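Understanding the architecture of this molecule
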Amino acid sequence: ETGVTQSPTHLIKTRGQQVTLRCSSQSGHNTVSWYQQALGQGPQFIFQYYREEENGRGNFPPRFSGLQFPNYSSELNVNALELDDSALYLCASSPIPGLAGTADTQYFGPGTRLTVL
Amino acid sequence: SQELEQSPQSLIVQEGKNLTINCTSSKTLYGLYWYKQKYGEGLIFLMMLQKGGEEKSHEKITAKLDEKKQQSSLHITASQPSHAGIYLCGADPWGNNRLAFGKGNQVVVIP
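Residues numbered from 1 in each chain as written. Chains lettered and ligands numbered in written order. Predicted model: local features only at pLDDT ≥ 70, side-chain atom pairs only at ≥ 80, totals over all residues. Heavy atoms only, no water.

To continue, consider the overall build of chain A. The helix and strand tally for chain A stands at zero helices and 11 strands. Here the C-alpha atoms of chain A give a radius of gyration of 13 Å, agreeing with the 13 Å that 2.2 N^0.38 yields for 117 residues. Counting contacts in chain A only where the partners sit at least 6 residues apart, residues at least 24 apart contribute 54% of the total. Accessible area for chain A stands at about 5500 Å²; split by element, carbon and sulfur atoms hold 48% of it. Separation of charge centres in chain A, based on 7 positive and 9 negative side chains, amounts to 8 Å. (Helix = DSSP H or I, 4+ residues; strand = E, 2+ residues; numbered from the N terminus. Rg over C-alpha atoms; globule rule 2.2 N^0.38 Å. Contact = heavy atoms within 4.5 Å. Areas by Shrake-Rupley, 256 points an atom, 1.4 Å probe, with all protein chains shown as cover. Lys, Arg positive; Asp, Glu negative; His and termini not counted. Charge placed at Lys NZ, Arg CZ, Asp CG, Glu CD.)

Given below as structure tokens:
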């Protein structure tokens, strides 16, 4: 069974640039969630994708956007990068989409460390 | 919004000693997750608790959720250097797999 994978491992960008991060979900999982973890903080929920559509969003501006593909892999795109976007970006997959009243374990990838200069 | 407070923020223990860390919620928890994270790496799933009074164990780690489902503790017996890391508790406030996390408990185990 293949776990959650993310690419790239590290990335350095400058303010104003755009970045794309990629995630492959664990085998059999059709739901992908993205989190941002700033240094010394817990992860913060960005958004979740199910069946190629956004299925819930946290308190992040529209310049954070995503995609999910038919094979359940996902991308996180961030436009107009700001210094505060520097963080570890984590992708998590789960087998169900988070329907109200259900809960299932999310499995996390190793993360992408983004540094904005 | 769901707020999780983890205590102590950090602790240092001698190898072989027991330790307990806590996670307290401002609201009733629907699901409570414990993850472990090595610095700068991904989260490793440890345990999930859903029912009031529930207790789960895996190897030397035991997690409990209180009856009111607002506090969880994680206990490590006879700690080893491999137990060092950051322990994060996450809550699923609405049962929809969108987790809110505390800031973590940093555990250092001295050989």
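Having seen the structure, we can now continue with the description.
Bringing the overall build of chain B into the picture now. A tally of regular secondary structure across chain B gives zero helices and 11 strands. Shown N-terminal to C-terminal, the secondary structure of chain B runs as helices and strands in the order β-β-β-β-β-β-β-β-β-β-β. For chain B, the C-alpha radius of gyration of 13 Å lies close to 13 Å, the compact-globule estimate for 111 residues. Principal axes of the C-alpha set define a box for chain B whose edges measure 40 × 30 × 20 Å. Here the analysis covers contacts within chain B between residues at least 6 apart in sequence; of these, 54% occur between residues at least 24 apart. Surface accessibility of chain B: about 5400 Å² in total, with carbon and sulfur atoms responsible for 49%. A gap of 1 Å separates the mean positions of the 12 positive and 10 negative side-chain charges of chain B.

The subject of this paragraph is a nonpolar patch on the surface. All names here are of chain B. A cluster of nonpolar side chains, I12, V108 and I110, forms an exposed patch at the surface whose accessible area comes to about 250 Å². Among the structural elements, V108 can be located in strand β11 (residues 105-110). Judged by relative accessible area, V108 falls into the partly exposed class, the value being 34%. (Patch = residues over 30% accessible without salt bridge, like charges linked within 9 Å, V, L, I, M, F, W, Y side chains within 5 Å. Salt bridge = Lys/Arg side-chain N within 4 Å of Asp/Glu carboxyl O. Buried < 20%, exposed > 50% of the residue type's maximum accessible area, 1.4 Å probe, protein only.)

Residue and element names in this part refer to chain A. Reading across the sheet, the four strands line up as β1-β3-β8-β7 and stay open at both edges, with antiparallel pairing between neighbours. The open sheet has two edge strands with one neighbour each: β1 (5-7) and β7 (64-68). Recorded for the sheet is a direction-independent mean angle of 20 degrees between the axes of neighbouring strands. (Pairing = 2+ DSSP bridges. Axes fitted to C-alpha atoms, helices over the stretch in contact; angles between N-to-C directions.)

At the interface, 23 residues of chain B touch 31 residues of chain A. Taking both partners together, chain B and chain A bury about 1900 Å²; carbon and sulfur atoms supply 49% of that area. Where chain B touches chain A, the interface holds zero salt bridges. Remark: the boundary between chain B and chain A carries five residue pairs in polar contact (both at pLDDT 80 or more). Those elements giving two or more residues to the side of chain B that touches chain A turn out to be β4 (32-37) and β5 (43-49) of chain B. Of the residues assigned to the side of chain B that touches chain A, the class counts are 11 nonpolar, eight polar and four charged. (Buried area = accessible area lost by both parts, 1.4 Å probe. Polar contact = N/O pair within 3.5 Å; in protein donor to acceptor, adjacent residues only side chain to side chain. Nonpolar A, V, L, I, M, F, W, Y, C, P; charged D, E, K, R; others polar.)

Below, the discussion takes up the packing of aromatic side chains. Here the structure, examined in full by the defined rule, presents 11 aromatic pairs over all chains. Ring geometry for B:Y35 against B:F45: centres 5.8 Å apart, planes inclined by 70 degrees, an arrangement best described as edge-to-face. Pair noted here: B:Y35 is in strand β4 and B:F45 is in strand β5, with a separation of 10 residues, a long-range link. On the basis of relative accessibility, which here comes to 25%, the residue B:F45 falls in the partly exposed class. Grouping aromatic residues by their ring pairs yields a cluster made of A:Y35, A:F45, A:Y107, A:F108, B:Y33, B:Y35, B:F45 and B:F101. (Phe/Tyr/Trp six-rings, centres within 6.5 Å; stacked < 30°, edge-to-face > 60°.)

Here chain B averages 91 in pLDDT, and 97% of its residues register 70 or above. The least confident element of chain B, judged by mean pLDDT, is β5(B) at 93; the most confident is strand β2 (residues 10-14) of chain B at 97. (pLDDT = per-residue confidence, 0-100.)

All names here are of chain A. Burial along β7 is one-sided: F64, G66 and Q68 are buried, and none of S65 and L67, which face the opposite way, are. Note: β7 against strand β8 (residues 74-78), five bridges, orientation antiparallel. Across the sheet, residue G66 finds its bridge partner in β8, namely L76. The loop that links β7 with its antiparallel partner β8 comprises five residues; one of these, Y72, has a positive phi angle of about 75 degrees.

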